Amino acid sequence: QEGHEALPAPSPAAFDTLFSTIDAQPRDHADTRARMPEFTRLRALVPPGDESRLLRVDALQCGVGLYEDAARVGVEAQALVERARRRDDGYALSRAYYCLGNARSAQHDERTSIADYTQGIEAARRAGLVVLHGEGLALRAATLSAIGEHAVALIDLTEAQREYERTGETTHAERNLLGLAVAYRRMGEFDAALDHLVRAEHAARRRSDLETTYTTLLQQGYLLFDRGAYPESIGPLRQALAIAERQRDPGNVAYALAALAASEVRIGNHTQALASVERAQARLGSEAHGGGVDMLVHLRRGEALAGLGRHHEAVAEFDGVMAELGDSDNPRYITMLHRARAVSLEAVGRHADAFDGYRRVLAAQTELDALARAQQEVLMRHRFDIERHELEHRRLAADRTLRDQQLAAQHRARHWRSVTLVASVVLVLLLAVLGLRQVRRGRTLQTLAMTDPLTGVANRRSLERFAALAIADCRSPPRPLSVLALDVDHFKRINDRYGHATGDAVLREVAAACRRELRQADLLGRTGGEEFVAVLPGIGREAARGVAERLRAAVAGLDFGDTALGLTITASLGVAEQCAQDTDFRTVVQRADRALYRAKRRGRDRVECDADDDDGGASARPMPPAPATPIGASAAAT
Ligand SMILES: Nc1nc2c(ncn2[C@@H]2O[C@H](COP(=O)(O)OP(=O)(O)OP(=O)(O)O)[C@@H](O)[C@H]2O)c(=O)[nH]1
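In this text, all values refer to a predicted model and were calculated from it rather than measured experimentally.

Caption draft 1: Local environment of the overall build of the chain. Summing up its helical and strand segments, the chain has 23 helices and five strands in all. Burial status across the chain gives 44% buried among its 638 residues. In the chain, 63% of the contacts between residues at least 6 apart in sequence involve partners at least 24 apart. Counting every atom, the chain has about 33,100 Å² of accessible surface; 54% of that belongs to carbon and sulfur.

Caption draft 2: Expanded view of the state of the cysteines. Taken as a whole and assessed by the stated rule, the structure comprises one disulfide. Across a sulfur-sulfur distance of 1.9 Å, C62 and C99 are joined as a disulfide pair. Across the S-S bond linking C62 and C99, the dihedral sits near -75°, which makes this disulfide left-handed. Taken together, the residues span a long stretch of sequence, with C62 in the loop between α3 (51-61) and α4 (70-87) and C99 in helix α5 (residues 90-106) at a distance of 37 residues.

Caption draft 3: Examining the environment of L260 more closely. Among the structural elements, L260 can be located in helix α13 (residues 250-266). By relative accessible area, L260 is classed as buried at 3%. Once you skip the residues sitting within four places of it in the chain, L260 turns out to touch I234, L237, R238 and L241.

Caption draft 4: Local environment of the nonpolar core. Of all hydrophobic cores here, the largest spans 41 residues; its most connected members are Y214, L218 and V297. Secondary-structure elements contributing two or more residues to this core are α11 (210-226), α12 (230-247), α13, α14 (270-284), α15 (293-307), α16 (311-324) and α17 (331-347). Among the elements that make up this core, the one with the highest residue count is α13 (nine residues). Residues in contact with Y214, not counting those within four places in the same chain, are A240, I243, A244, N252, V253, Y255 and A256. If you look at the next biggest cluster of nonpolar residues, it comprises 35 residues, including V488, L567, V607 and C609.

Caption draft 5: Highlighting the pairing of strand β4 (residues 571-577). Counting buried residues along β4, seven of its seven residues qualify, which places the element largely inside the surrounding structure. Burial along β4 is two-sided: the face carrying A571, L573, V575 and E577 and the face carrying S572, G574 and A576 are both buried. Alignment of β4 against strand β5 (residues 607-609), held across three bridges, turns out to be parallel. Bridged to L573 within β5 is V607.

Caption draft 6: Seen up close, helix α18 (residues 351-450). Look at α18: 143 Å from first C-alpha to last across 100 residues, which is about the 148 Å you get at 1.5 Å a residue. As for α18, its buried residues are in contact with α8 (150-166) and α17.

Caption draft 7: A look at the pattern of salt bridges. For the structure shown, the criterion picks out 51 salt bridges. For R598, the salt bridge goes to E608, with nearest N and O atoms at 3.5 Å. Here R598, found in helix α23 (residues 585-601), pairs with E608, found in strand β5; they are ten residues apart in sequence, far enough to count as distant. Overall, E608 belongs to the buried group, its relative accessible area being 2%.

Caption draft 8: Molecular detail of the confidence of the model for the chain. On average, residues of the chain carry a pLDDT of 88, and 92% of them reach 70 or more. Scored below 50 in pLDDT, residues 615-638 makes 46 contacts in the model with residues more than four places away or belonging to other chains. On the interface metric, ipTM, the complex scores 0.93, and its pTM is 0.53.

Caption draft 9: Layout of the pairing of strand β3 (residues 531-537). The element β3 is extensively covered by neighbouring structure, given that seven of its seven residues are classed as buried. Bridge count between strand β1 (residues 481-488) and β3: seven bridges; the pairing is antiparallel. When the bridges of β3 are listed, L481 appears paired with P537. In this sheet, β3 lies alongside strand β2 (residues 523-526) in antiparallel orientation, the contact comprising four bridges. Residue R526 lies in a different strand from β3, and its bridge partner there is F532. Taking the residues that link successive antiparallel strands as the turn, the β2-β3 hairpin has four residues.

Caption draft 10: Representation of the environment of A258 in the model. Mapped onto the secondary structure, A258 falls in helix α13. By relative accessible area, A258 is classed as buried at 2%. Sequence spacing of A258 and M295 is 37 residues, and the spatial spacing of their C-alpha atoms is 9.9 Å. In contact with A258, not counting residues within four places along its chain, are L296, V297 and R300.

Caption draft 11: Spatial organisation of α5. The end-to-end C-alpha distance of α5, which contains 17 residues, comes to 24 Å, matching closely the 24 Å that a straight helix rising 1.5 Å per residue would cover. Burial runs high along α5: 14 of the 17 residues are buried. The backbone nitrogen of Y91 lies 3.0 Å from a side-chain oxygen of the residue at the head of α5, namely D89. Within two residues after α5, H108 carries a phi angle of roughly 60°, on the positive side.

Cut-offs applied
Residues numbered from 1 in each chain as written. Predicted model: local features only at pLDDT ≥ 70, side-chain atom pairs only at ≥ 80, totals over all residues. Heavy atoms only, no water. Helix = DSSP H or I, 4+ residues; strand = E, 2+ residues; numbered from the N terminus. Buried < 20%, exposed > 50% of the residue type's maximum accessible area, 1.4 Å probe, protein only. Contact = heavy atoms within 4.5 Å. Areas by Shrake-Rupley, 256 points an atom, 1.4 Å probe, with all protein chains shown as cover. Disulfide = S-S within 2.5 Å. Core = buried A, V, L, I, M, F, W, Y, C linked by side-chain atoms within 4.5 Å. Pairing = 2+ DSSP bridges. Expected span 1.5 Å × (residues − 1). Salt bridge = Lys/Arg side-chain N within 4 Å of Asp/Glu carboxyl O. pLDDT = per-residue confidence, 0-100. Polar contact = N/O pair within 3.5 Å; in protein donor to acceptor, adjacent residues only side chain to side chain.

Below, the structure written as structure tokens:
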């Protein structure tokens, strides 16, 4: 075995690497013989007893020798399917089915092969193997196309393309373009076909994939021919021919020349067409070539001869082709053949045969049209279904969006309701607080309006109001009521000696001391600078005198040691009891004031009563008017 490298030792890691490399390469499903050395290396890497890896090599290798013995390959593939099933290996199962499909295809059992491919496609899809899945779709599409099911083939290839693009399998997507283009052309969708062909050609040129570049150019030529653009088809066909020549592939050269000849016939260049055909025949030699290239060359040769007026030779060519054509062959070629043959038969005077030929052309054409219509219908139905699905999908999505929006709106509304509720509660609380504060402020204002700010005792106004009520109260049932008038002695001196602030403090202390000595029912008020008046309801003159004495003693007992050292104060008081003649409070106060005046006169720090009056009320003074400020508004005599 000269030239063979030594086989590697078993290694799972090395196996996996080589396996991925081989598996990623594009394959010719018909025959993998050229890759036998790779498979042998891979097989050597399988660790002993590793059934799983062995299964994979077998699956990868399945199909070798297909052309020689398709039946044997079919049996092997069937066994592989069983093994893959037992091991639950999606990859091997899918490959085994593809191999089985190829074997059946090679034995012209296309319907069964389609079922096998479908099984393989499903296995790949279940295993999530995108590339293998796409490969199966392409295989099935090729077989479908071969039996005239172009629409379903196009659908398969479109699905493969979508999957490749979705998963970013760019190379596979590019390789799939050619198949798609052919499928489109066969469906008569020429614009889509040309677009895919041009893209496939660019991709193939970029990859320096000459074989695919050749095919894309040949297909462009066919496409332009089908569209009746005969002169335009010459360019791509010549390029295809150049590539086939460079590759030294006689089959491809012959295909390109046959296609060129067909276009040359259509543009009336029959001599050139005949030359092309003869060149093709020379390249093909005497060997038989598969795939119908011989038949094509003869058909084109007949057309060229007919164009040159050599109808007898043309009929002979056409008859040769007819003998070779089977029923399963391409109806397009059959139609083309019968039409060309009928023209030549007519030219040589075989009118009845010509007529028969035209009849067959008509029948074949009708069949072709029906096929085309049926295929269009399948495709349209499929596209309609897809569109309907998409429409349904969009409608569902729109519904969902609407529902989401409704939910969001509901949510927002609920949110705002809570916000409003909280805000209302806060507002109510705020109003309550404000109201409360207002009430308090009103009370404070009222208190301020009724009290003397310096001492906190009642002011003149509230004293008069209280007295009026008390007097009325003491009338029925008749009860006594007395009034005391108190004036701090020599208060001016205190101010002068200790300052005004101390004077204020003295006034506050005097008020506090008096309040301590009075009952709850009594009311003390400040009526002038250093003069206070107390109303004592229910108290008669003598009892009031006692109270006045207590007040005098309390004032005299005040101690100012910590504010004004050495300061002692005294107060003089006058007492008056309300009597029947009194019209109002003022007259009682006047009598009390008179008594107070007397106390001052009699030496201060003492209490005098209106009953003790010895000057017959001549010294009675009216109550002093209410001062703007208590200071400087003394009512007491100096
Ligand atoms: N500190 C202070 N002094 C005041 C206030 N109101 C009046 N006075 C002063 O009190 C003094 C009252 O003095 P007079 O009316 O002359 O009487 P007096 O000095 O108390 O003498 P007699 O009443 O005769 O014992 C004046 O000097 C006023 O300015 C006050 O609210 N605070």
